[in-house]
Amino acid sequence: MIALAATIALVAAPHPGLFFDATEVPQLRAAAASTHKELATHFTTVMGPHLSDLAPTQSDYGAGGQRVFGNDITAWAFAYQMTGDPAYAAQAWVRLSTYLSWPDWGFGFEPGPTPDLFTAHMVLGVACAYDWLYEWMTPDQRTQVATRLGAEGQKIADYYPNSWWLGEYLSNHNWIDTAALGLAGLALQGEDTRAASWVSLAEADLQNIEVALGPISDGSWHEGLAYQQYGMSMALPFWMASRRAGLDHTDIGLLRGVGKMFLAATLPDATRQQILVHGDNIGWPREGTLQILRYAASRFHDGVAQAAANRWLAAGPRSSGFIPDLFYDTFEFIGYDPSVAAVDPHTLPLDTQLSDLQASVMHSTWDPGDLVLAFKAGPYGGRANFDRYKAGGMPAEHFTWGHDHNDDMSFWLYGSGVWLAPEAAGYDAGRRPSPVPAGSVFANETQYHNGLLIDGNGELGDVRDSDSEYANPWFFNRDATLLPSASTADYAVTGGRGTNLYDSSLGLTRWDRVLVLARKRYTLVHDDIAATVPHDYDWLCHFSDGAAPDGTGWIQGTTKKAALTLGVRIVSPAQWTAATGFQSENNTNLFEADGSIAFVKVRPLAPSTSQQFLAALVPMPSASFGTSSRVQIDPLDVLDTGGGAVVAPGSALEERWIFSRPAADGKAAGDLTLTSSLLGMAGYNAGLPARAFLAGAGKISDQLGNRELLSSTTARSIEADLQGTKLVVTGDGIADFRAYAPGATTVTLNGTTVAWSSEGSVVVFPAAGAPPPPPPPPPPPPPPPPDGGTDAGTADAGTPPDAGTGTPDAGTATGVADAGTPDGPTVSTSSVGRSGSTGMGCSQAGPAMPALFLLLLAAFARKRKAQRPEG
């Protein structure tokens, strides 16, 4: 950094030079006519009608909209470089010269010497414009721009030591304000004697940002996806320019993982929306998402990020005709590398675990018609930084979490192109004044999410006067943990433990939530709660347009499709009351056009020290709700209604679910017995065992424990599905299993035919007598960091879900993505078969023994025979 600062102090920058130089402009323009033509056409289509615009006024973009004037001038200056048409430069100067005449780039929103986001946007934009219009401007015009840019840069530098955001390395204010300072320094290097000190300040801050953002390996952001887009898209230009200048801080987890996160969160039916609605809601991420994804794809040669960007574009043409939004398109153009091939999502697992957000996103398919479930249990600030800051953090660091919501242990459900179980999304920047003004609502509170209230109280943080950790003594105790996830061809499981999310005075000793996605068909939500004293518990669920209990154990949730209902069957408790209504908050209209979301609160009839909720959420035709064609769902055990559920009894796929507890020895309910596993399922076709599932190693049996249906000592997840005479086994970490499968003649494990033996009607893998599978090989060393391309970053030249009311899917896995490669060995299929009438064994358990070893063995046998005494 010292060397770079010294260079900046002595050497005048060439212009253009921040992101590409004059020798690279021909490549840029060639790309505009070929690989980047769609982007270039969007620029000229949007900007063309404005080439003769009059000078702007400060009211052009409305109150508060002055922030985007800096974005505006960036787009005009880049359009000149991209096209070479001086008409774009001329209109850029009309705007830029007007901005220079405005005395306050904070526009009254930053009183006193406190430059912040308004000033930063202007400085970022003017720095880019100075670099890209330099060759077109006269010497006098260059002096005017450099003088004002220098004055505003110094204003940020003067405020920097006392800035409120100094040390807040998780704050977009920190990222954007220092990015503006650094970019101004790089633009004026060698021309303004102060530039080197600005770059030095910004680079030092960026090093600390790298410490904070580097460990976020899953690419998620705790404040929400829209805030992630805003902070990263505005800061990324300086990060890119700094890398080109010789100091690279872009190899961070937040960028490396962002493609995987966005692709997983994207809804196949609405590819500009995401299933994750955590944190403060300021609308859906838009063009800035493409900017970030294209750069991540180029920087890390990441085909998943490229696929995520392509999915966003698949929704149709770029809809924004708003010139300031072309800021994002500008840096998408610069960062886009079309040579990075997009990964086909169908080759990826359906389920994604996001470790920092502590979230799971579980799809039924990558295509329209998907039934997708998401769950989140992450702490304020995200896992990595919560732990890092709890351990002490960096000197003078402040933790930023004010935009986080009490959505821990909450879930979201979407299917057939509509929200089925959303939340009451909203915004309030995380503060709640005391006393609370009459009629006020605060979007961060638990009641607006799909969580749990205890005696009307939500999670810690519902009531707070400050979003600082030191003013809230409970802060570092407020934490949830994830339960192991499980994925197979037809099922996915996730969950968490949320005991510590509530005030200790409530005496809560357990809140375990487990969610099941039966792909394409329904979701189960199981809550296991215990406390030292009795409480009233409210189970919360939200719907788009209404909630109506029908008196038979069901609630009808109204969706935006009149023909589609979310039916919610409350299996446990057996008796309950329901409160329904609507909630509306600040910015709810950005999620739901009518500005309100319906809710239901399900409460047992009496307070208790322990309680289990078990709910089945079933998308179904509205005409089926309340009729005999509605799928039947009953308790597995009427004496233990929280112990499990029976879905579609007597049908071609009757599923009997049984729930245990984390680390418990077992569970018995109805005629099922579960050992070790967190939960299990026994599936029947007209009463005959046809399918079984386990989340975690263990065993499930029926007939009161007398008939083993499925077991494994190694599997993290396993499903055994008998399809005629073929036993289809899917899951993760499977090195052994036993499955009840009478009549099976073929067995596949995650798509590979394997050798097996049998004990009566039980299929045994590995085959009896076969050597045990070897341990899995150690993971390969991490690859070296990929080349991110040129330092310049220059561009290179459905149908509703099956509700179970008809004939359920008998378990064929057609079109279902591979559930993942097991940790166990790949089994050779060269000599698989059954021998004799017992069907046991295989013709060859391994490679032939070497001839020398056979000869030695024969000699040893002869010697033993010679020594044997006669008798």
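Note that the structure is predicted; figures quoted are calculated from it, not measured.

Rules and cut-offs
Residues numbered from 1 in each chain as written. Predicted model: local features only at pLDDT ≥ 70, side-chain atom pairs only at ≥ 80, totals over all residues. Heavy atoms only, no water. Pairing = 2+ DSSP bridges. Helix = DSSP H or I, 4+ residues; strand = E, 2+ residues; numbered from the N terminus. Axes fitted to C-alpha atoms, helices over the stretch in contact; angles between N-to-C directions. Phe/Tyr/Trp six-rings, centres within 6.5 Å; stacked < 30°, edge-to-face > 60°. Buried < 20%, exposed > 50% of the residue type's maximum accessible area, 1.4 Å probe, protein only. Parallel < 35°, antiparallel > 145°, perpendicular 65-115°, else oblique. Left-handed = near helix turned anticlockwise from the far one by under 90°. Contact = heavy atoms within 4.5 Å. Nonpolar A, V, L, I, M, F, W, Y, C, P; charged D, E, K, R; others polar. Arc of directions from axis to C-beta. Salt bridge = Lys/Arg side-chain N within 4 Å of Asp/Glu carboxyl O. Core = buried A, V, L, I, M, F, W, Y, C linked by side-chain atoms within 4.5 Å. Expected span 1.5 Å × (residues − 1). Polar contact = N/O pair within 3.5 Å; in protein donor to acceptor, adjacent residues only side chain to side chain.

**Describing the sheet that holds strand S36 (residues 762-765)**
Across the sheet, seven strands lie side by side as S24-S25-S28-S29-S32-S36-S35; this open sheet has antiparallel pairing. What marks the edges here is a single partner per strand, and that holds for strand S24 (666-669) and strand S35 (757-759). On average, each strand axis in the sheet is inclined to that of its neighbour by 20°, with strand direction left out of account. Strand direction decides the pairing type here: strand S25 (residues 672-675) and strand S28 (residues 698-702), joined by three bridges, are antiparallel. Among the inter-strand pairings, Thr675 is bridged to a residue of S28, identified as Lys699.

**Re the packing of aromatic side chains**
What the rule picks out here adds up to 47 aromatic pairs. A centroid spacing of 5.2 Å and a plane angle of 80° characterise the contact between Tyr61 and Phe322, whose relative ring orientation is edge-to-face. A residue pair is termed long-range when its members are at least 10 positions apart, and Tyr61 in the loop between helix H3 (37-47) and helix H4 (69-83) and Phe322 in the loop between helix H14 (303-313) and helix H15 (326-335) qualify at 261 residues. On the basis of relative accessible area, Phe322 is assigned to the partly exposed category, the value being 34%.

**Let's talk about the packing of helix H7 (residues 139-159) against helix H8 (residues 172-187)**
In contact at an axis separation of 10 Å, H7 and H8 are set at 140° when each is read in the N-to-C sense. One finds that H7 runs oblique with respect to H8. As for the relative orientation of H7 and H8, their crossing is left-handed in sense. The segment H7 lies against H8, with Leu149, Gly153, Ile156 and Ala157 engaging Asp177, Ala180, Leu181, Ala184 and Ala187. Its residues assigned to classes, the contact of H7 with H8 comprises seven nonpolar, one polar and one charged.

**Focus on the environment of Asp21**
One can find Asp21 in the loop between helix H1 (2-10) and helix H2 (25-32). Apart from the residues lying within four places of it in its own chain, the contact partners of Asp21 are Pro16 and Arg244.

**Quick look at unusual backbone geometry**
Residue Pro16 is reached from His15 by a cis peptide bond, and omega for that bond is -5°. Assignment of secondary structure puts Pro16 in the loop between H1 and H2. A cis geometry characterises the amide bond from Ser572 onward to Pro573, with omega recorded as 5°. Of note in this structure, Ser676 is not a glycine but carries a positive phi near 75°. With respect to the helices and strands, Ser676 occurs in the loop between S25 and strand S26 (679-685). At Ala686, a residue that is not glycine, the phi angle is positive and equals roughly 55°. For Ala686, the location among the structural elements is in the loop between S26 and strand S27 (688-695).

**As for the pairing of strand S33 (residues 746-749)**
When strand S31 (residues 726-732) meets S33, the two strands line up parallel, connected through four bridges. From the neighbouring strand, Val728 faces S33, where its bridge partner is Thr748. Remark: two residues form the turn of the hairpin made by S33 and strand S34 (residues 752-753), two consecutive strands paired antiparallel; Asn750 in that turn has positive phi of roughly 50°.

**A closer look at H2**
Among all positions in H2, only Val25, Leu28, Ala31 and Ala32 are buried. Seen end-on, H2 carries its buried residues on one side only, within an arc spanning 120°. Its buried side turned inward, H2 meets H3, H4 and H15.

**A word on the sheet that holds strand S19 (residues 597-604)**
A sheet is described by the order of its strands in space; here four strands give the open sequence S8-S14-S19-S18, paired in antiparallel fashion. Two strands close off the open sheet at either side, each with one partner strand: strand S8 (452-454) and strand S18 (576-583). The average angle at which neighbouring strand axes cross in this sheet is 25°, direction not considered. In this structure, strand S14 (residues 537-543) lies alongside S19, joined through five bridges in antiparallel fashion. Directly across from Cys541, in S19, lies its bridge partner Val600.

**Some thoughts on the environment of Ala87**
Along the chain, the position of Ala87 falls in helix H5 (residues 86-101). Once the C-alpha coordinates of Ala87 and Ser52 are considered, the two residues, 35 residues apart in sequence, prove to be 8.8 Å apart.

**What about the pattern of salt bridges?**
Tallied over the full model, the rule gives 44 salt bridges. Among the ionic pairs, Arg603 bridges to Asp538, the shortest N-O distance being 2.8 Å. Of the two residues, Arg603 sits in strand S19 while Asp538 sits in strand S14, which places them 65 residues apart along the sequence. By relative accessible area, which is 27% here, Arg603 ends up partly exposed. Exposure remark for Asp538: the relative accessible area of 5% places this residue in the buried category. A salt bridge links Arg738 to Glu708, with the nearest nitrogen and oxygen atoms 3.0 Å apart. Here Arg738, found in strand S32 (residues 737-740), pairs with Glu708, found in strand S29 (residues 707-712); they are 30 residues apart in sequence, far enough to count as distant. Take Glu708: its relative accessible area is 17%, and that puts it in the buried class.

**What about the nonpolar core?**
Counting residues in each nonpolar core, the largest one holds 145 residues, and the members touching the most others are Phe19, Leu213, Trp239, Ile275 and Leu276. The greatest single-element share of this core, amounting to 13 residues, is contributed by helix H6 (residues 117-133). In this view, Trp239 contacts Leu206, Ile209, Leu213, Thr250, Ile252 and Leu255; residues no more than four positions away in its chain are not counted. Grouped together as the second largest cluster of nonpolar side chains are 42 residues, Leu413, Leu501, Tyr537 and Cys541 included.

**Structural notes on the environment of Thr725**
With respect to the secondary-structure elements, Thr725 resides in the loop between strand S30 (717-723) and S31. Judged by relative accessible area, which is 45%, Thr725 ranks as partly exposed. Residues Thr725 and Thr746 lie 21 residues apart in sequence; the distance between their C-alpha atoms is 6.6 Å.

**Regarding the packing of H4 against H15**
The N-to-C vectors of H4 and H15 enclose an angle of 40°; their axes lie 8 Å apart at closest approach. Classified by the angle between their axes, H4 and H15 sit oblique to one another. You can see that H4 and H15 cross each other, and the crossing is left-handed. Judged by residue contacts, Asn71, Thr74, Ala75, Phe78 and Met82 of H4 engage Leu326, Phe327, Tyr328, Thr330, Phe331, Phe333 and Ile334 from H15. Residues belonging to the contact of H4 with H15 are distributed by class as follows: nine nonpolar, three polar and no charged.

**Examining helix H13 (residues 287-300)**
Look at H13: 20 Å from first C-alpha to last across 14 residues, which is about the 20 Å you get at 1.5 Å a residue. Of all the 14 residues making up H13, 14 are buried; the element is thus mostly covered by neighbouring parts of the structure. Just past H13, the residue His301 takes up positive phi, approximately 50°.

**Thoughts on the pairing of strand S22 (residues 644-647)**
Taking every second residue as pointing to the same face, both faces of S22 are buried, with Gly644 and Val646 on one and Ala645 and Val647 on the other. In this structure, S22 lies alongside strand S23 (residues 654-659), joined through four bridges in antiparallel fashion. Bridge assignment links Gly644 to a residue of S23, and that residue is Ile658. Taking the residues that link successive antiparallel strands as the turn, the S22-S23 hairpin has six residues, and the phi of Ala648 there is positive, at about 55°.

**Quick look at the side chain of Ser163**
With respect to the helices, strands and loops of the structure, Ser163 is situated in the loop between H7 and H8. Within polar-contact distance, the side chain of Ser163 engages the backbone oxygen of Tyr160 at 2.9 Å.

So, to be careful, I would describe these as geometric facts and stop short of saying anything about function.
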